[in-house]
Amino acid sequence: QAKTLEDANFFIFDWELREKLEQKTMIAKYLHSALEREEFVLHYQPQINAVTGKMIGMEALIRWNHPEKGLIGPGTFIAAVEEAGLMIQLTDWVIREVCRQLCEWRAMGLPLLRTSINISNSWFYNRNLIENLLAVLDHHGLETSVLEFEITESTALLEEHYPLLQQMRDHGIVVSIDDFGTKYSSLNYLKHFPVNKIKIDRTFITGIGVSSIDETIIKSIVFVASQLGYDLIAEGVETQEQLEFLIKHNCPHIQGFLFFPPLPPEDIHKVAS
Ligand code: C2E
Ligand code: MG
Ligand code: MG
Ligand code: MG
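The shown structure was predicted, so the numbers you read here are calculated from the model rather than taken from an experiment.

### Quick word on the coordination of the magnesium ion (ligand 2)
- Looking at the magnesium ion (ligand 2), the protein donor atoms are Glu59 (OE), Asn118 (OD1), Glu150 (OE) and Asp178 (OD), and they sit 2.0 to 2.2 Å from it.
- Mapped onto the sequence, the residues coordinating the magnesium ion (ligand 2) show the spacing E-x58-N-x31-E-x27-D.

### A few points about the site of ligand 1
- As a matter of local geometry, ligand 1 sits amid 22 residues, with Arg63, Asn118, Asp178, Glu238 and Phe257 nearest to it.
- Between ligand 1 and the protein, one listed contact pairs an oxygen atom with a side-chain N or O atom of aspartate 178 at 2.8 Å.
- Take phenylalanine 257: an N or O atom from its main chain is 2.8 Å from an oxygen atom of ligand 1.
- Surface burial for ligand 1 is 79%, taken as the share of its 800 Å² of free accessible area covered by protein chains.
- Where the shell around ligand 1 is concerned, the elements lending two or more residues are β2 (55-66), α3 (74-83), α4 (87-107) and β6 (174-180).
- Ranked by residues supplied to the shell around ligand 1, first place goes to β2 with four residues.
- Taken together, the residues of the shell around ligand 1 sort by class into nine nonpolar, five polar and eight charged.

### Brief notes about the coordination of the magnesium ion (ligand 3)
- At 2.1 to 2.3 Å from the magnesium ion (ligand 3) lie its protein donor atoms, namely Asp178 (OD), Asp179 (OD), Glu235 (OE) and Glu235 (OE).
- Between the two metal centres, the magnesium ion (ligand 3) and the magnesium ion (ligand 2), the spacing is 4.1 Å, with aspartate 178 acting as a shared donor. Remark: glutamate 235 occurs in the loop between β8 (231-234) and α11 (240-248) and aspartate 179 occurs in strand β6; sequence separation between them is 56 residues.

### Quick look at the packing of aromatic side chains
- Taken as a whole and assessed by the stated rule, the structure comprises eight aromatic pairs.
- Centre to centre, the rings of phenylalanine 40 and phenylalanine 77 are 5.5 Å apart; their planes meet at 45°, and the pair counts as tilted. On the criterion of sequence distance, the pair formed by phenylalanine 40 in strand β1 (residues 40-49) and phenylalanine 77 in helix α3 is long-range, its members being 37 residues apart. Just as phenylalanine 40 is buried, phenylalanine 77 falls in that class too.
- Pairing tryptophan 123 with phenylalanine 149 gives two aromatic rings, centres 5.4 Å apart and planes at 65°, and the pair type is edge-to-face. With a gap of 26 residues between them, tryptophan 123 in the loop between β4 (114-119) and α5 (129-139) and phenylalanine 149 in strand β5 (residues 147-152) connect regions that are remote in the sequence. Residue tryptophan 123 shares its accessibility class with phenylalanine 149, and that shared class is buried.
- Among the aromatic residues, those joined into a cluster by ring pairs are Tyr30, Phe40, Trp64 and Phe77.

### A closer look at the nonpolar core
- Membership of the largest hydrophobic core comes to 80 residues, with the highest contact counts inside it found for Phe40, Val98, Leu147, Phe149, Met168, Ile218 and Leu246.
- It is α4 that provides the largest number of residues to this core, a total of 10 residues.
- Those residues in contact with isoleucine 218, other than ones at most four positions away along the chain, are Ile200, Phe204, Ile205, Ile208, Phe245 and Leu246.

### What to know about the side chain of serine 33
- Following the sequence through the fold, serine 33 ends up in helix α2 (residues 21-36).
- Residue serine 33 is classed as buried on the basis of its relative accessible area, which comes to 19%.
- At 3.0 Å, the side chain of serine 33 forms a polar contact with the backbone oxygen of tyrosine 30.

### Considerations on the pattern of salt bridges
- As enumerated under the stated definition, the model contains eight salt bridges in all.
- Taking the shortest distance from any N to any O, the salt bridge between glutamate 59 and lysine 199 comes out at 2.9 Å. Of this pair, glutamate 59 sits in strand β2 while lysine 199 sits in strand β7 (residues 197-200); the two residues are 140 residues apart in sequence, bridging distant segments of the chain. One exposure class covers both glutamate 59 and lysine 199, and it is buried.
- Notably, a salt bridge pairs lysine 270 with aspartate 267, separated by 3.1 Å at the nearest N-O pair. Linking lysine 270 with aspartate 267, this pair stays in helix α12 (residues 265-272), spanning three residues, or about one helical turn.
- Overall, lysine 270 belongs to the exposed group, its relative accessible area being 61%.
- Through salt bridges that share partners, Glu59, Glu150, Lys199 and Glu235 make up one connected network.

Reading the values: rules and limits
- Residues numbered from 1 in each chain as written.
- Chains lettered and ligands numbered in written order.
- Predicted model: local features only at pLDDT ≥ 70, side-chain atom pairs only at ≥ 80, totals over all residues.
- Heavy atoms only, no water.
- Donors = N, O, S within 2.8 Å, 3.2 Å for Na, K, Ca; no water.
- Near = heavy atom within 4 Å.
- Polar contact = N/O pair within 3.5 Å; in protein donor to acceptor, adjacent residues only side chain to side chain.
- Areas by Shrake-Rupley, 256 points an atom, 1.4 Å probe, with all protein chains shown as cover.
- Helix = DSSP H or I, 4+ residues; strand = E, 2+ residues; numbered from the N terminus.
- Nonpolar A, V, L, I, M, F, W, Y, C, P; charged D, E, K, R; others polar.
- Phe/Tyr/Trp six-rings, centres within 6.5 Å; stacked < 30°, edge-to-face > 60°.
- Buried < 20%, exposed > 50% of the residue type's maximum accessible area, 1.4 Å probe, protein only.
- Core = buried A, V, L, I, M, F, W, Y, C linked by side-chain atoms within 4.5 Å.
- Contact = heavy atoms within 4.5 Å.
- Salt bridge = Lys/Arg side-chain N within 4 Å of Asp/Glu carboxyl O.

Now the structure itself:
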């Protein structure tokens, strides 16, 4: 019924009303059918070696290709997906889609570049997570090293997830902390948390040339990462000044609009080849 769809459509963008159960149910149905109709798409943002300018990998970022509204960014619907209890399904779809896309690129003769996937807390409650993951990779004939999982600090901090993260690492999957520095960056937990890589949050990068506190924090993160043997990437690099600061202070990798925004898959093909 058109009216119901229109309402659901409206409520997704109206956070004031989302507490009401009836509306939640409607949103859940709408998202569920979006999943079934394969209305979600992934864009890919290249990650760059700061010194050579070469593409070293990419991050998969989800968009909703809405039949009427066009492309909608994740900020608008990720929380609703979580609330609707669809995050496991959505994440499983993202993983399968990334693997499918990597195979397609491989078949076109592109080099296989590591691709990172954003993982939310609830995905860790997926049963047989590691087995399923290995099965998907195996099905596509892909090595575990082509995947990276980005976890935000709030998720990462849950100690109950450490064994799973450790297993992923043991299997050769890269685990990174997303938005590093924005939540509970206790240096102590870096000691225990099974991670390979840190992503410096954009909020610090925007402070380059503006805030000496942000600059000091960035330099400290670079130091800690290199001392502890973590790979490091700066997120949200938009200006030449920011790039020069990061190169000068030995941040090895860069992601941001200065190089590329998230790109549809057909454009990645031009950048990566
Ligand atoms: P994130 O993982 O921290 O991703 C980086 C966000 O910064 C992306 O926004 C990207 O488009 C944007 N960005 C990249 N470079 C620049 C820059 O130079 N300047 C500025 N201003 N922004 C830049 P996007 O695509 O809207 O994604 C927002 C968030 O949604 C992501 O933050 C991530 O937490 C979440 N997300 C995206 N895709 C997925 C997904 O497949 N699953 C889950 N669970 N979350 C996702
Ligand atoms: Mg991310
Ligand atoms: Mg981030
Ligand atoms: Mg973020």
